[in-house]
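What follows is each chain in one-letter form.
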Amino acid sequence: EVAVRKKRTEVDPAEMEDFDREMKAMMQESLESRKQELRVRPATINMMIPMNIFEGGHRESESGEETLDEEPDGGGSKVRVKVLVKKGNKQQTKQMYIPGECSLVQGVKEKEAAEMEE
Amino acid sequence: EETEDGYEDEKGGFVEHACRYCGIHNPACVVRCNIPSCRKWFCNSRGNTSGSHIVNHLVRAKHKEVCLHKDSPLGETILECYNCGCRNVFLLGFISAKTDNVVVLLCREPCLSVNALKDMNWDLSQWCPLIDDRCFLPWLVKVPSEQEQLRARQISAQQINKVEELWKTNPDASLEDLEKPGVDDEPMSVAIKYEDAYQYQNVFAPLIKLEADYDKMMKESQSKDNLTVRWDVGLNKKRIAYFVFPKEDNELRLVAGDELRLRYPGDSTHPAWQSVGHVIKLTAQEEVALELRASQGVPVDLSHGFSVDFVWKSTSFDRMQSAMKTFAVDETSVSGYIYHHLLGHEVEHQVVRNPLPRRFGAPGLPELNASQVLAVKSVLQKPVSLIQGPPGTGKTVTSAAIVYHMAKQGQGQVLVCAPSNVAVDQLAEKMSATGLKVVRLCAKSREAISSPVEHLTLHYQVRHLDNTDKSELHKLQLLKDEQGELSSGDEKKYKALKRATEREILQSADVLCCTCVGAGDPRLSNFRFRQVLIDESTQSTEPECLIPLVLGVKQVVLVGDHCQLGPVIMCKKAARAGLAQSLFERLVLLGVKPFRLQVQYRMHPSLSEFPSNCFYEGTLQNGVTINERQMTGIDFPWPVPNHPMFFYVQMGQEEISASGTSYLNRTEASNVEKLVTTFLRSGVVPSQIGVITPYEGQRAYIVNYMSRNGALRQQLYKEIEVASVDSFQGREKDYIILSCVRSNEHQGIGFLNDPRRLNVALTRARYGIVILGNPKVLSKQPLWNSLLTHYKEHECLVEGPLNNLKQSMVQFQKPKKMYN
Ligand SMILES: [Zn+2]
Ligand SMILES: [Zn+2]
Ligand SMILES: [Zn+2]
């Protein structure tokens, strides 16, 4: 609606450097503290994907409902994914769109392509 | 503050989930810091920094947890590792299932590195960190659009660091607190351009606060004791108290609509009593008519010993502050184009694509001249325009024609404002003449004040709506008028009915008009106006001008004349910082060329010559002829009959007035009386004459002197208006006498130094002008020097008795450096 002519202010390199240093320090500190904790309490894994997701998954792809359907709009294709979250102790999924070029969906895409070949 | 009718008077709320750095509040773009002591929201835009705002905050504050907005795709969710519940966003990232489109958040340490995962269906090769390139994953938390970012507060890395530092000791501090000047600091000065509306607000808010504080202090110190009151009852059965409010030599003038508290201290036979009321009238004898709110227990049998205080209201200042806030936080308050334009950003030229009418005049208005037609035409095609209307060039007619065509474009209702009630009334009358449905909205405190356009006012229309459905409201109104008040149930019903009727009438109008401050009336808060015209805009401060604009404006027309007087600012500090500069003027400084109306219909051509050359680059043309400005049957001793003007040389001394704060000049005053008498004798009537003097001391002295020493009937002199330059702005008289007062070789000429004031003083007269002053003193100032030279060249610089005026040979002084 409105075109504003405005030179983008350049980011001050000193600020950038300072910021990066702080951020790295935080990452480092986060990792270290996690490792400390783990010595005390080792991790266990309970990462089962709820079966109903698979069941309702691309096996029903004939209906065109739950497959990797891509959104055409908004420049660049988008892929619908399910985000697995825990609400209390219950597993839940939420739908979300992520860009087709995101590395997360590359693996699945390749696999699908391979299946198509077969 | 709640008004009488239960409307909220404050609007424009703060959005809770707005980014605390930049104000962006699109739910898809913000996350909340989840540290209990913090809980602030930040957006995912980088602005002018290397990291996004949320990442900046987390790093600078050393906070590590966030929560998504409830309207985001994942809903209100604290981001945490699916497996272990770790909430440290610097460790979190997404992985996807090997065979399916399922993704999950997992922490890097330890969950991602646990071997057990490898056996499951998860693809560990593609771990996608939540924070990448100093920014949250843009598909989880959207990056605001370029448009949104440009309209947001432009915060710098330094400011971020500073405010983060401040939050460590004061978590509720705002960015404004960073800029707040100390108590004794000079306030920040106004600029021509602003980074964003927050910076704009940072500059203006303290100035408005200063002015408000000063106004409050001054008005509340205006207590007067030992007043004598005379009682009356108004048509609406309300009590009216009449009394003289002695005006000392200071800046405060009472105006209709002011609120005063009348008190009686009590005595042996009467209890103490007080009531507030509104000034509904100021009589020519400087008597105040105060309509009291309470009608019971008024001690009407008493007349002496009353006191009165000023009840200061912050409403107008509150509305300015609120408008600036709305301008900053509400992106629908004004169009994107206007937002950037007002802040001085470079915006691509925009054309308004509304169909142009075939004729630019409007029914019921005088035929437009060529420059008026061009003005109307150019305005209709531009989103922002300035119209400069020099004295007498018909800017009200032009404004009315513009509004007429805007209203016919079908863009919704047009809002028309001006800083003063007088100007709003004039416009309302003209616009109504075109056949448009005009509603004039008055402040509640002014409803009892008579107005030339009463039939257009909302309160009048509510009372006189000819509709049987409204009979219930009418019945209640009659009851209320009779009894003074209603039962609480009836009062409730009455208010609801009244509100509904008001809304209905407002909605049915083509044009709404009110003062700039009136546009902040809660009764308009649900209205949107795409097209707004502000007349006399050069007489209002920027924040005042903003009030009518933030109701959704897409096309704005500012009418005014920056070569005449600007807004009156009482607080010197605020004035020095630039509060007196109008938005119109700033836009001119930004390169917006005002469209100038060029034909004047007021002044005798001899009177317009100097102002045209001096203030308008000689562009002012005369729409009236010498013959049309020759009063038949008036025999006045003009030195040059074809030039009804002269500079009457005065050598009398100036004196400090009794109050010690103003000046007077006795010789000039006595010559003013002689001039007035000569005018009256020659057949001019008192209402045709205006006496202008810049000093209150001289004003009071002249009024007094004329009524005591006038050669004719006292009453005639009482009817002559004697006032300051400022109070003559926007008006005209057939004959003007200007008494300059200052006559001191060693001091300045005070008020007269302002070229805009001189312009106003010189352009009030239609038929003739007489200036009284000391050329020796005035000629030091370059502008006055050229005025004196102009009069001298026309043989109009004279001295001696009025019946024997002779050209003066007084020597001028060399003017000091040029006034720009
Ligand atoms: Zn925080
Ligand atoms: Zn932000
Ligand atoms: Zn974990």
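Residues numbered from 1 in each chain as written. Chains lettered and ligands numbered in written order. Predicted model: local features only at pLDDT ≥ 70, side-chain atom pairs only at ≥ 80, totals over all residues. Heavy atoms only, no water.

Draft legend 1. Spatial organisation of the overall build of chain B. Regarding its fold elements, chain B presents 24 helices and 34 strands. For chain B, the residues scored as buried account for 58% of the 820 residues in total. Across chain B, the fraction of contacts at a sequence separation of at least 24, relative to all contacts at a separation of at least 6, is 71%. Only carbon and sulfur atoms are counted for the fraction: they give 49% of the accessible area of chain B, which is about 34,100 Å². (Helix = DSSP H or I, 4+ residues; strand = E, 2+ residues; numbered from the N terminus. Buried < 20%, exposed > 50% of the residue type's maximum accessible area, 1.4 Å probe, protein only. Contact = heavy atoms within 4.5 Å. Areas by Shrake-Rupley, 256 points an atom, 1.4 Å probe, with all protein chains shown as cover.)

Draft legend 2. Examining the environment of Ala197 of chain B more closely. All names here are of chain B. Take Ala197: it is sitting in helix H5 (residues 197–220). On the accessibility criterion, Ala197 (0% relative accessible area) is buried. For the pair Ala197 and Leu342, spaced 145 residues apart in sequence, the C-alpha separation works out to 9.3 Å. Those residues within four positions of Ala197 in sequence are excluded, and the remaining contacts are Phe327, Ala328, Tyr339 and Leu343.

Draft legend 3. Highlighting the sheet that holds strand S11 (residues 239–244) of chain B. Residues and elements named next belong to chain B. Within the open sheet, the seven strands sit side by side as S9-S15-S12-S13-S14-S11-S10. Their pairing is antiparallel. Looking at which strands have only one partner, the edges of the open sheet turn out to be strand S9 (224–227) and strand S10 (230–233). Each strand axis lies, on average, 35 degrees off the axis of its neighbour in the sheet, ignoring direction. Two strands pair when backbone bridges link them, and S9 and strand S15 (residues 306–310) are joined in this way by two bridges, in the antiparallel orientation. The residue of S15 that forms the bridge with Leu227 is Phe306. (Pairing = 2+ DSSP bridges. Axes fitted to C-alpha atoms, helices over the stretch in contact; angles between N-to-C directions.)

Draft legend 4. Molecular detail of the packing of helix H17 (residues 605–615) of chain B against helix H22 (residues 755–762) of chain B. All names here are of chain B. In the contact formed by H17 and H22, the axes pass within 10 Å of each other and the chain directions differ by 155 degrees. Overall, the two elements H17 and H22 adopt an arrangement that is roughly antiparallel. Along this stretch, H17 crosses H22, giving a crossing that reads as left-handed. Side by side, H17 and H22 meet where Phe610, Pro611 and Phe615 of the first sit next to Pro755, Asn759 and Leu762 of the second. Residues that form the contact of H17 with H22 fall into these classes: five nonpolar, one polar and no charged. (Parallel < 35°, antiparallel > 145°, perpendicular 65-115°, else oblique. Left-handed = near helix turned anticlockwise from the far one by under 90°. Nonpolar A, V, L, I, M, F, W, Y, C, P; charged D, E, K, R; others polar.)

Draft legend 5. How the structure looks around helix H19 (residues 696–709) of chain B. Residues and elements named next belong to chain B. Taking 1.5 Å of rise per residue, the 14 residues of H19 would be expected to cover 20 Å, and the 20 Å separating its terminal C-alpha atoms lies within 8% of that figure. All buried positions along H19 are accounted for by Glu696, Gly697, Gln698, Arg699, Ile702 and Met706. Considering only its buried residues, H19 is in contact with strand S28 (663–664), helix H18 (666–681), strand S29 (689–692), helix H20 (714–718), strand S30 (721–723) and strand S31 (733–739). (Expected span 1.5 Å × (residues − 1).)

Draft legend 6. Structural view of the coordination of the zinc ion (ligand 3). Residue and element names in this part refer to chain B. Protein-derived ligands of the zinc ion (ligand 3) are Cys81 (SG), Cys84 (SG), Cys107 (SG) and Cys111 (SG), with the metal-ligand distances lying across 2.2 to 2.3 Å. Coordination geometry of the zinc ion (ligand 3): the four donor atoms subtend angles of 105 to 120 degrees at the metal centre, consistent with an arrangement described as tetrahedral. Within one chain, the residues serving as donors to the zinc ion (ligand 3) are arranged as C-x2-C-x22-C-x3-C. Taken together, the positions of Cys84 in the loop between strand S3 (66–68) and strand S4 (92–97) and Cys111 in the loop between strand S5 (102–107) and strand S6 (122–129) put the pair 27 residues apart, joining distant regions of the chain. (Donors = N, O, S within 2.8 Å, 3.2 Å for Na, K, Ca; no water. Tetrahedral: all angles 85-135°; square planar, octahedral: opposite > 155°, others 65-115°.)

Draft legend 7. Up close: the coordination of the zinc ion (ligand 1). Residues and elements named next belong to chain B. In this structure, Cys33 (SG), Cys38 (SG), His57 (NE2) and His63 (ND1) serve as the protein donors to the zinc ion (ligand 1), at separations of 2.0 to 2.3 Å. In this structure, the zinc ion (ligand 1) is coordinated by four donor atoms arranged in tetrahedral fashion, with angles at the metal of 100 to 117 degrees. In terms of primary sequence, the donors binding the zinc ion (ligand 1) are separated according to C-x4-C-x18-H-x5-H. You can call Cys33 buried: its relative accessible area is 0%. Take Cys38: its relative accessible area is 11%, and that puts it in the buried class.

Draft legend 8. Examining the interface of chain B and chain A more closely. Chain B puts 70 residues into the contact, and the matching count from chain A is 57 residues. Summed over both partners, the interface of chain B with chain A buries about 6,000 Å², with 61% contributed by carbon and sulfur atoms. Considering only the surface of chain B that becomes buried against chain A, Tyr82, Asn101 and Trp139 of chain B emerge as the three largest contributors, covering 14% of it. At the surface where chain B touches chain A, the tally comes to four salt bridges. Connecting chain B to chain A are 13 residue pairs in polar contact (both at pLDDT 80 or more). Considering only residue class, the side of chain B that touches chain A consists of 33 nonpolar, 23 polar and 14 charged. (Buried area = accessible area lost by both parts, 1.4 Å probe. Salt bridge = Lys/Arg side-chain N within 4 Å of Asp/Glu carboxyl O. Polar contact = N/O pair within 3.5 Å; in protein donor to acceptor, adjacent residues only side chain to side chain.)

By themselves, these are just geometric observations and shouldn't be taken as functional.
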